[in-house]
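Each chain is listed here by its residues.
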Amino acid sequence: MIELIPAIDLIDGKCVRLTKGEYDSKKIYNEDPVAQAREFEALGFKRLHVVDLDGAKSKHVVNDGVLRRITEATSLTVDFGGGIKTEEDIEKAFNAGAAMVTVGSIAVTEPELFMGWMEKYGAERMILGADVRQGKVSINGWLEDSEEDLLPFLKKYVDRGVRNVLCTEISKDGTLQGPATALYVEIMKAYPELHLIASGGVASNKDIEELDAKGIPAVVFGKAYYEGKIKVEGLKLC
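About the criteria used
Residues numbered from 1 in each chain as written. Predicted model: local features only at pLDDT ≥ 70, side-chain atom pairs only at ≥ 80, totals over all residues. Heavy atoms only, no water. Axes fitted to C-alpha atoms, helices over the stretch in contact; angles between N-to-C directions. Helix = DSSP H or I, 4+ residues; strand = E, 2+ residues; numbered from the N terminus. Left-handed = near helix turned anticlockwise from the far one by under 90°. Contact = heavy atoms within 4.5 Å. Nonpolar A, V, L, I, M, F, W, Y, C, P; charged D, E, K, R; others polar. Salt bridge = Lys/Arg side-chain N within 4 Å of Asp/Glu carboxyl O. Buried < 20%, exposed > 50% of the residue type's maximum accessible area, 1.4 Å probe, protein only. Lys, Arg positive; Asp, Glu negative; His and termini not counted. Polar contact = N/O pair within 3.5 Å; in protein donor to acceptor, adjacent residues only side chain to side chain. Core = buried A, V, L, I, M, F, W, Y, C linked by side-chain atoms within 4.5 Å.

A.B. asks: Can you help me understand the packing of helix 4 (residues 87-95) against helix 6 (residues 111-121) in this one?
C.D. replies: Each packed pair of helices is defined by two parameters, the angle between the axes and the distance between the axes. Contact geometry for helix 4 and helix 6: axes closest at 11 Å, N-to-C directions at 35°. Handedness of the crossing formed by helix 4 with helix 6: right-handed. Residue-level contacts link Glu-87, Ile-90, Glu-91 and Phe-94 of helix 4 to Trp-117, Lys-120 and Tyr-121 of helix 6. Of the residues belonging to the contact of helix 4 with helix 6, the class tally is four nonpolar, no polar and three charged.

Next up, the structure:
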C-alpha cells in the first residue's frame, strides 16, 4: 500500500503552496501550520513532509521554530527539507523534532559531504532530494538547474547505500495536472530497492490510486488537499 504524506510548505511561518516552484506564485492556505498539522493527524495521517521555502531561498534553515512547534503538538513522523546546507542545519532540524531530513542541493554540489552526513546520521534518517526539470536535477529551491541527469545522479547514490529518495517533477508541482507517473515508474524499474516518494502534480484520489497500482512506494501531496480535490475518506490510510 502506498504511503500517503501530506505536505506543509512554509514561508514567513505560514502554510503556503507555490506553482512550479515560483515564489511569486505563493498562495497562503493556513496562517497556522501547527493547526494544519493537527488537522492532518486528526484525519489519520501518520507522516508529514515539511518544506522550509524561506530556508531553500536563503540557503540555511529558517523555520526550525515552526518545525519544533509542529513536532511538539503532534505525534506525526516529520521529514524536513529546505535550506539544509551544513551540519548545523541538520542538527537544527533533528533538535526541532524531525525524524528525517531531505537534502538535495548539497548532494549535487558536494557529494562527499552528503555521504559523510549519511554515514554519521544513518541512511534511514536521510532522504535524497532529486528534483528534476527537463531531465536535469535542480538545486537551491529550484532556482538553479545543475548539469546532473536524473538517473545517473540516482545511481551514484543508490550504489553507495541511499534508499530514500524524494523526486519532484518541477513542471508538475502545484499545477494539479497529474503526477509524472512514467518518470516514477522508470526510476523504480531502474532501482526497485528505493523507497521512492513521488511529488508534484497530484490532483485527485485517482492519481494516488494510479501511483499505488504502479508500485510507487510513497506520494507527497499538498495543493490538491488544500483545494478539496483529494477526498480523505476515499484514501486507504495505514
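A.B. asks: Would you mind going over the pattern of salt bridges with me for this structure?
C.D. replies: Two side chains carrying opposite charge are able to pair once their charged atoms lie near each other. Considering all chains together, one arrives at ten salt bridges under this definition. A salt bridge links Asp-79 to Arg-47, with the nearest nitrogen and oxygen atoms 3.2 Å apart. A residue pair is termed long-range when its members are at least 10 positions apart, and Asp-79 in strand 5 (residues 77-81) and Arg-47 in strand 4 (residues 47-52) qualify at 32 residues. Here the residues in one salt-bridge network are Glu-3, Arg-47 and Asp-79, joined through shared partners.

A.B. asks: What am I meant to see in the side chain of Asp-131 here?
C.D. replies: As for its placement among the helices and strands, Asp-131 is situated in the loop between strand 7 (126-129) and strand 8 (132-133). Buried within the structure, Asp-131 lacks any salt-bridge partner; Arg-133 is the closest side chain of opposite charge, at an N-O distance of 9.2 Å. A polar atom in the side chain of Asp-131 sits 3.3 Å from the side chain of Thr-168.

A.B. asks: What exactly am I supposed to notice about the nonpolar core here?
C.D. replies: Nonpolar side chains in soluble globular proteins generally cluster together in the buried interior. Phe-114, Tyr-184 and Ile-187 are the most contacted members of the largest nonpolar core, which has 70 residues in total. Residues in contact with Phe-114, not counting those within four places in the same chain, are Val-103, Ile-106, Ala-107, Met-126, Leu-128, Tyr-157 and Val-162. Listed in part, the eight residues of the second largest apolar core include Ile-5, Ile-127, Ala-218 and Val-220.

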